[in-house]
Amino acid sequence: MADYIIETAKGKWEVVVGLEIHCQIISKSKIFSAASTEFGDDPNTNVSFVDAGMPGMLPTLNAECVHQAVKTGLGLNAKINKYSEFSRKNYFYADMPTDYQITQFRYPIVGEGVIVIDLSDGSTRHIGIERMHIEQDAGKSIHDLSPTKSFIDLNRAGVGLMEIVTKPDFRSPEEAGAFLRKLRSILRYLGTCDGNMDEGSMRCDANISVRPLGAEELRPRCEMKNVNSVKFVMQAIENEAKRQIDVYENGGKIEQETRQFDPTTGTSKVMRKKEFAHDYRYFPEPDLPPLVLTDEYIENIRREMVELPDAKKKRFMETMGLTAYDATVICENKETADFFEAAAAGHDAKKVANWMMGDFFAMLNKKRTDVLHSPVSAENLGRLVELISQDVISGKIAKDVFEIMSETGENPDKIVEEKGLKQVTDTGAIAAIVDAVIASNPDNVAAYKSGKTNLAGWFVGQTLKMSQGKANPALVNKLVKEKLDS
Ligand code: MN
C-alpha cells in the first residue's frame, strides 16, 4: 500500500488517526431495563421508569448484552476481562434524564485486540484495538418538528452500546474506511450489531492529528464527532488533516477540541473546546456490583463462535483457489459467502467466483437487489458453471443463458434444452460449416495460402457465427487449420 503523504510547498506531513466506534448491541431489551429496543416505534413508547430516570429506580444488567459483548470481544481477537465494573459519567443533557451515563471506565469488559484490514491492492494491515466497554445510549433530541420547540424521544435511552476504541494506528483515510467496513462485517457475522451507520446503530468518532513525516511525536488531536458513513469518515480525515497542516504552516497551534463534520460542504466546525475525563467526575456506579465472568462462561461463548471473515477468506484461498481480492469481496458479508459456497459445491469454485464477481454482482446491482433476493439461485449458478466445464455450452452462450436465468429464475439445463443452445461437438457437422465458409471465400483462402496465416482467425469467426455460437471453439480452430493447410 502506497503511503498517504500530504505534500505542501513547505514540507511533507503524515496523518495519525484513532477511531472510537459506538455500536448498538442487538438484544431484545435495553442494557439496564426490560424496555424494548425496537427501532422506529412511536416516540416514548419503549421507556421504562429506569430509562426515564425516575427517583429510586434501580438498573439491572441484561445478561444478553454481556453475552453479546464477550462474543464481540472474541471476534476482535481481544482479551476478555473477567473483572469489569460500571461507572457514572456525569453530564447534563436534555435527552438524558438521569444526568449521568452508566458506562465502564477504569475496568472495561474487553481489553486489547487486533483487526486485520484488507486494502484495495490486496495487502493487509493489523490495527490495534485499545479496549471495548459497554454502556447505555442516550435518548434523541428532535429539533426539526417545530420552529420554536425541541422534542425528546427516550426510546433509545438505555439501549446497550459497545464502544470500541482503536489505537492511533491509521495513517490514511483508506485505512480508516477499510477498518470500518471490516468491523461492520465482523459484527454482522457475529450478529451482535447490525452495523447500519445511516440508522445510527454504528457511529464513528475520529481522533485526528498530523505530524511532519518521519516525526515520532503525537501532536494534539481534534475529535470529529458522530460521522455517519464510511465515506464521510474518510472525507473528514482528509479535510481535517489539511486544515491542521494549514494552521501549523501559518505559525498557528492546534488545541484539543471536538468538531462537527458537515458532509455537504466537506468542512468541519468547532463544537466544544478541550474536554478531559476529569470533567465528567467519573465514580463507580453504586447501584451495580462489579461484573465478574468465569472461564467457563467465556469458553462456552468461544465454542459458539461462527467462522469469521478472515478465517473464511483464508479457507477460500487455500482450498478453493480464490485470489485474495476475490475472497475479500466474497467474504465481506456472510450471505454472499454462503451463496458462493452453495454455488461452488461440486463445481469449479474459481469459475463460480469469477461468475459472481462479474455477471452475477452486475446483475444484482442492476436489479438493485441483494444476494438473499437473487433471481438466480446458488444451485442454478453452479449448474451453469458446470455446463461450461462440461463443454455443453460455450462461455459466450452461457452469458445469454445467464441473462434468461436472471429474468425467469429458471434452471440453465432447461433453458439450454428448450432453446437448443447445446454446443455442437459433432466433428462432421462442424466440418460441413467450415467447408462452406472456405468454399464461399476463395480470395481469403488464396491470401492465407500466400502467407497471411493470421486469416485463420477470420475463418474461425465466420464458422462460429454460422453456427450461431454453438460450435465448440476448440474443434472449430482445429478443423479450420487442418482444412486450410491441406
Ligand atoms: Mn461512549
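Residues numbered from 1 in each chain as written. Predicted model: local features only at pLDDT ≥ 70, side-chain atom pairs only at ≥ 80, totals over all residues. Heavy atoms only, no water.

A. Up close: the coordination of the manganese ion. Looking at the metal site, the manganese ion is ligated by His-22 (NE2), Glu-135 (OE) and Glu-163 (OE), spaced 2.1 to 2.2 Å from it. The exposure class of Glu-135 is buried, given its relative accessible area of 3%. Glu-163 sits in the buried class, given a relative accessible area of 9%. (Donors = N, O, S within 2.8 Å, 3.2 Å for Na, K, Ca; no water. Buried < 20%, exposed > 50% of the residue type's maximum accessible area, 1.4 Å probe, protein only.)

B. Local environment of the packing of aromatic side chains. All chains considered together, the criterion is met by 12 aromatic pairs. Pairing Tyr-83 with Tyr-107 gives two aromatic rings, centres 5.6 Å apart and planes at 85 degrees, and the pair type is edge-to-face. With Tyr-83 in strand β3 (residues 83-84) and Tyr-107 in the loop between β5 (100-103) and β6 (113-118), this pair connects stretches of sequence that are 24 residues apart. Seen from their ring centres, Phe-360 and Phe-361 are 6.0 Å apart, and the 50 degrees between their planes marks the pair as tilted. Take Phe-360: its relative accessible area is 0%, and that puts it in the buried class. In textbook terms, an aromatic cluster arises when at least three aromatic residues are bridged by ring pairs, as seen for Tyr-91, Phe-105, Tyr-280 and Tyr-282. The cationic tip of Arg-219 hangs over the ring face of Tyr-248; the distance from NZ or CZ to the ring centre is 4.5 Å. Note that Lys-399 overlies the ring of Trp-355, its terminal NZ or CZ placed 5.9 Å from the centroid. (Phe/Tyr/Trp six-rings, centres within 6.5 Å; stacked < 30°, edge-to-face > 60°. Helix = DSSP H or I, 4+ residues; strand = E, 2+ residues; numbered from the N terminus. Lys NZ or Arg CZ within 6 Å of the ring centre and 35° of its normal.)

C. Spotlight on a nonpolar patch on the surface. Residues Phe-49, Met-54 and Met-57 make up a contiguous nonpolar surface patch of roughly 300 Å² in combined accessible area. Tracing the backbone shows Phe-49 in the loop between β2 (12-24) and α1 (63-75). By relative accessible area, which is 55% here, Phe-49 ends up exposed. (Patch = residues over 30% accessible without salt bridge, like charges linked within 9 Å, V, L, I, M, F, W, Y side chains within 5 Å. Areas by Shrake-Rupley, 256 points an atom, 1.4 Å probe, with all protein chains shown as cover. Salt bridge = Lys/Arg side-chain N within 4 Å of Asp/Glu carboxyl O.)

D. Summary view of the environment of Tyr-91. For Tyr-91, the position within the fold is in the loop between β4 (87-90) and β5. Discounting chain neighbours no more than four positions away, the residues touching Tyr-91 are Met-96, Asp-99, Tyr-100, Gln-101 and Tyr-280. (Contact = heavy atoms within 4.5 Å.)

E. How the structure looks around the pattern of salt bridges. Per the counting criterion, the structure on display carries 38 salt bridges. The closest approach of N and O atoms between Arg-259 and Glu-240, which form a salt bridge, is 3.6 Å. You can see Arg-259 sitting in strand β13 (residues 257-262) and its partner Glu-240 sitting in helix α3 (residues 230-249), a full 19 residues away along the chain. Among the ionic pairs, Glu-318 bridges to Lys-314, the shortest N-O distance being 3.6 Å. Of the two residues, Glu-318 and Lys-314 both sit in helix α5 (residues 309-320), 4 residues apart, roughly one turn of that helix. The class for Glu-318 is exposed, based on a relative accessible area of 59%. Counted as one network, the salt bridges with shared partners bring together Glu-240, Arg-243, Glu-257, Arg-259 and Lys-273.

F. Up close: the environment of Lys-367. Turning to its location among the elements, Lys-367 is positioned in the loop between α8 (349-366) and α9 (378-389). When the C-alpha atoms of Lys-367 and Lys-10 are compared, they prove to be 50 Å apart, with 357 residues separating the residues in sequence. Within the local environment of Lys-367, its side chain forms a polar contact with the side chain of Glu-407, the two groups lying 3.2 Å apart. (Polar contact = N/O pair within 3.5 Å; in protein donor to acceptor, adjacent residues only side chain to side chain.)

G. Local environment of unusual backbone geometry. At Arg-281, a position not held by glycine, the phi torsion is positive, near 45 degrees. Here Arg-281 lies in the loop between β14 (267-273) and β15 (283-284). Positive phi values are uncommon outside glycine, yet Gln-468 reaches one of about 55 degrees. Tracing the sequence through the fold places Gln-468 in the loop between α14 (456-466) and α15 (473-485). Take Gln-468: its relative accessible area is 62%, and that puts it in the exposed class.

H. A look at the environment of Leu-58. Structurally, Leu-58 is set in the loop between β2 and α1. On the basis of relative accessible area, Leu-58 is assigned to the exposed category, the value being 53%. Between the alpha carbons of Leu-58 and Phe-32 there is a distance of 8.4 Å; along the sequence they are 26 residues apart. Contacts of Leu-58, omitting those with residues within four sequence positions, involve Val-50 and Asp-287.

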